[in-house]
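In case you want the letters, here they are:
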Amino acid sequence: NYGYVYNLDKFVWLKNVKKAIKYLNDKNFKVIVISNQSGVARKIFTEKDVNKLHKWMNSELKKINAKIDKFYFCPFHPKYGSKYYKKDSYLRKPNPGMLLKAIKKYNIQKRKSFMIGDSGSDQICAKRAGIKFFFKKK
C-alpha cells in the first residue's frame, strides 16, 4: 500500500495476482474490481487518472490472455471534496453499493461468488452484499 495509487509508477502487482485472475477467467468467473478512490474527492487525482490506470492494468493482463471484466470505483467522500464529490455515498465501502451493482449487472449468483480484500471495510462490504469473503494479508 503506497497511499493513493493513481499512476503507473506507483502500481505494483501483488505476487501471483495476474495468474490468479487468469485462472478465474479460465474457470468462467467474472473478475470485478471495486475500490474507494477518495483521492478524486480530495483533488489528488482525477477520475480520468483512475480510468487510465484501469485501462493499463487490463493491457498488462492481456499479455497473459487475462482480463478484469469490470472496474467500479467510488470517488466520493463524506468529509472531503467539492460539492459534487463530498457526500456519503452508498457506493463507498464498507457499503455494498458497488458490489450490488455488479451482482445486478452480471446476474451474479451470490452463493457461488466471493470477494478477496485486505481491509475490514472490504469484509463488511462483502457481508452486507451477502457474499463470501477471503482476507488477503498485505
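Here, every reference points to the structure presented above.
Conventions used here
Per chain, residue numbering runs from 1 following the sequence as it is written. Per-residue local features of the predicted model are confined to residues with pLDDT of at least 70, and side-chain atom pairs are confined, for both listing and counting, to 80 or more; whole-chain, interface and lining totals are unaffected and use all residues. As a rule here, side-chain values come from all non-hydrogen atoms in the structure, and water together with hydrogens is ignored. We count a stretch as a helix when DSSP gives it H or I for four or more residues in a row; a strand needs E for two or more, and each element gets its number in order from the N terminus. One less than the number of residues in a helix, times 1.5 Å, gives the span that helix is expected to have. For every residue, the accessible area (1.4 Å probe, protein chains only) is compared with the maximum for its type, and the residue is labelled buried under 20%, exposed over 50%, or partly exposed between those bounds. Each C-beta atom gives one direction from the helix axis, and the arc is the one those directions make. Whether two residues are in contact is decided by their heavy atoms: any pair within 4.5 Å suffices. In what follows, a disulfide is any cysteine sulfur pair within 2.5 Å. By definition, two strands form a pair when at least two bridges between them are found by DSSP. In this analysis an axis means a line fitted to C-alpha atoms, helices contributing only their contacting stretch, and an angle means the value between N-to-C directions, from 0 to 180 degrees. Angle categories: roughly parallel below 35 degrees, roughly antiparallel above 145, roughly perpendicular from 65 to 115, and oblique for all the rest. Note on convention: near helix rotated counterclockwise from far helix by under a right angle means a left-handed crossing. Clockwise means right-handed. The residue classification treats Ala, Val, Leu, Ile, Met, Phe, Trp, Tyr, Cys and Pro as nonpolar and Asp, Glu, Lys and Arg as charged. All others, Gly included, are polar. Whenever Lys or Arg places a side-chain nitrogen within 4 Å of a carboxyl oxygen from Asp or Glu, that contact is recorded as a salt bridge.

Describing helix H3 (residues 47-62)
Spanning 16 residues, H3 covers 23 Å between terminal C-alpha atoms, matching the ideal 22 Å at 1.5 Å per step. Within the sequence span of H3, burial applies to Val50, Leu53, His54, Met57, Glu60 and Leu61. The buried residues of H3 all sit within an arc of 120° when viewed along its axis, so they share a single face. H3 presents Lys48, Lys52, Lys55 and Lys62 as exposed residues on the side facing more than 90 degrees away from its buried surface. Buried residues along H3 sit against helix H1 (17-26), helix H2 (38-41) and strand E2 (70-74).

Focus: the state of the cysteines
The full count for this structure, using the stated rule, is zero disulfides. Cysteine 74 forms no disulfide, and the closest cysteine sulfur to it belongs to cysteine 125, at a distance of 11 Å.

Remarks on the pairing of strand E4 (residues 132-135)
Within a regular beta strand, the side chains point alternately toward one face of the sheet and then the other, so they alternate between its two faces. Examined bridge by bridge, strand E3 (residues 114-117) and E4 share four bridges and lie parallel to one another. Directly across from methionine 115, in E4, lies its bridge partner phenylalanine 133.

Considerations on the packing of helix H4 (residues 97-105) against helix H5 (residues 120-129)
In the contact formed by H4 and H5, the axes pass within 9 Å of each other and the chain directions differ by 45°. One element, H4, and the other, H5, form an angle in the oblique class. Every pair of crossing elements has a handedness; the one defined by H4 and H5 is right-handed. Seen from H4, the contacting residues are Leu99, Leu100 and Ile103; seen from H5, they are Cys125, Ala126 and Ala129. By residue class, the composition of the contact of H4 with H5 is six nonpolar, no polar and no charged.

Overview of the pattern of salt bridges
Where charged atoms from two side chains of opposite charge come close, those side chains can pair. Inspection of the entire model under this criterion finds four salt bridges. Residue lysine 63 is joined to glutamate 60 by a salt bridge in which the shortest nitrogen-to-oxygen separation is 2.9 Å. Glutamate 60 gets classed as buried once you look at its relative accessible area, which sits at 17%. Aspartate 69 is paired through a salt bridge with lysine 67; the nearest N and O atoms lie 3.3 Å apart. Look at aspartate 69 and you get partly exposed, because its relative accessible area is 22%. You can call lysine 67 partly exposed: its relative accessible area is 44%.

Fair warning: the whole summary comes from geometry, so function is off the table for now.
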